[in-house]
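Coordinates in review
Each chain is listed here by its residues.
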Amino acid sequence: MIHKCLFPAAGYGTRFLPATKVLPKEMLPILDKPLIQYGVEEAMEAGIRTMAMVTGRGKRALEDHFDVNYELEHQIRGSSKEGLLTGIRRIIDECTFSYTRQIEMKGLGHAILTGETLIGREEAFAVLLADDLCEGRDTGVLAQMVELYKRFECSIVAIEEVPMADIHKYGVIAGEEIEPGIFRINNMIEKPAADQAPSNLAIIGRYILTPDIFDILRETPPGTSGEIQITDALRVQADQGRVIGYKFQGQRFDCGSPSGFVAATNHFYHLSRR
Ligand code: G1P
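All values derive from a computational prediction rather than experimental measurement.

1. With respect to helix α4 (residues 86–94)
- When α4 is considered as a whole, its buried residues turn out to be I88, I91 and I92. The buried side chains of α4 occupy one side of the element, clustering within an arc of 95° when seen end-on.
- Summarising the contacts, the buried residues of α4 are in contact with α1 (35–45), α2 (60–65) and β5 (96–101).

Pasting the structure below:
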């Protein structure tokens, strides 16, 4: 039902300089796998096979990662290392990847609008921010949201309770809890000060968006930080009762910050040793 996933991946990753001077932040590995691959695998678990990436200058490594490397594969064929490429090979065989570049950094809303040319206007689509690394409890977070989309057929954002001391880092929602963990959103604010925040429910980097969002984004003026914010565009849909907030089942690591990155590394290391 949801066939395409958009990956905004044009950001500079300044919090990880100098590591991200040449290396795209989405290519930073948690153990042996780059963040972007975790994201693509989560999208695949949700039944999605069409991956659309909004990249920028210096992000060529992303395209090369989701392509064959004949020389390397030839070198390790028949050796004990061959199995290490099985996972990524399966992704390349099963999915299609397309790319477009965001020329100027004008915010997440602008990045999503840049992806319109890859996504089209026919159907709802997923958006996944790879630096929010999510591990679903029984199924992946995007798979949980696709199930919800079948019921509500409107835009959906993943939400999580965060400490008020951190609330200014997120888009924040207010809404009515219509079922346990499911909110009909009636307001959303991008990065409010703690005393302006309508709740402690923060948006995390998983969205399902209906395609009318593109027209709304075109009309959305720059907001917080002078950037075009997806949160502001979604508020237009929320005013019409067309956005659901979903407290996902699972765990999120903010791999855009060193502490979240280390926590994810430890978590997946312990999982791999079980
Ligand atoms: C973006 C969104 C914000 C959301 C966050 C989740 O912010 O603008 O609403 O809460 O992702 O990670 P960023 O972290 O890119 O500043």
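2. Some details on the state of the cysteines
- For the structure shown, the criterion picks out zero disulfides.
- Free of any disulfide, C134 has its nearest cysteine sulfur in C255, 9.3 Å distant.
- Assessed through its relative accessible area of 10%, C134 is described here as buried.

3. Structural notes on the environment of G39
- Of note, G39 is situated in helix α1.
- When the C-alpha positions of G39 and L133 are compared, they lie 7.2 Å apart, and in sequence the two are 94 residues distant.
- Excluding its chain neighbours within four sequence positions, the residues that come into contact with G39 are F7 and L128.

4. Some details on the site of the ligand
- Close to the ligand lie 13 residues; D132, G171, E190, K191 and I203 are nearest.
- The side chain of D132 places a nitrogen or oxygen atom 2.8 Å from an oxygen atom of the ligand.
- At a separation of 2.6 Å, an oxygen atom of the ligand approaches a polar backbone atom of I203.
- Here the ligand has 380 Å² of accessible area as a free molecule, and 75% of this is covered by the chains.

Scoring rules and cut-offs
Within each chain, residue numbers correspond to sequence positions counted from 1 in written order. Predicted model: local features are reported for residues with pLDDT of at least 70 only, side-chain atom pairs are reported and counted for 80 or more only, and whole-chain, interface and lining totals are derived from all residues. The side-chain figures draw on all heavy atoms in the structure; neither hydrogens nor water molecules are used. Each residue gets one of three labels from its accessible area relative to the maximum for its type: buried under 20%, exposed over 50%, partly exposed in between, using a 1.4 Å probe on protein chains only. Each helix is a run of DSSP H or I of at least 4 residues and each strand a run of E of at least 2, with the numbering of both proceeding from the N terminus. Each direction from the helix axis to a C-beta atom contributes to the arc, which is the arc of those directions. Contact definition: two residues touch when any of their heavy atoms are within 4.5 Å. Throughout, disulfides are identified as pairs of cysteine sulfur atoms within 2.5 Å of each other. Residues are labelled near a given molecule or strand when at least one of their non-hydrogen atoms is within 4 Å of it. For this analysis, a polar contact is any N or O atom pair within 3.5 Å, provided that within protein one partner can donate a hydrogen and the other can accept it, and provided that sequence-adjacent residues contribute only side-chain to side-chain pairs. Here the Shrake-Rupley method, with its probe set to 1.4 Å, supplies the accessible areas, and only the displayed protein chains count as covering residues.

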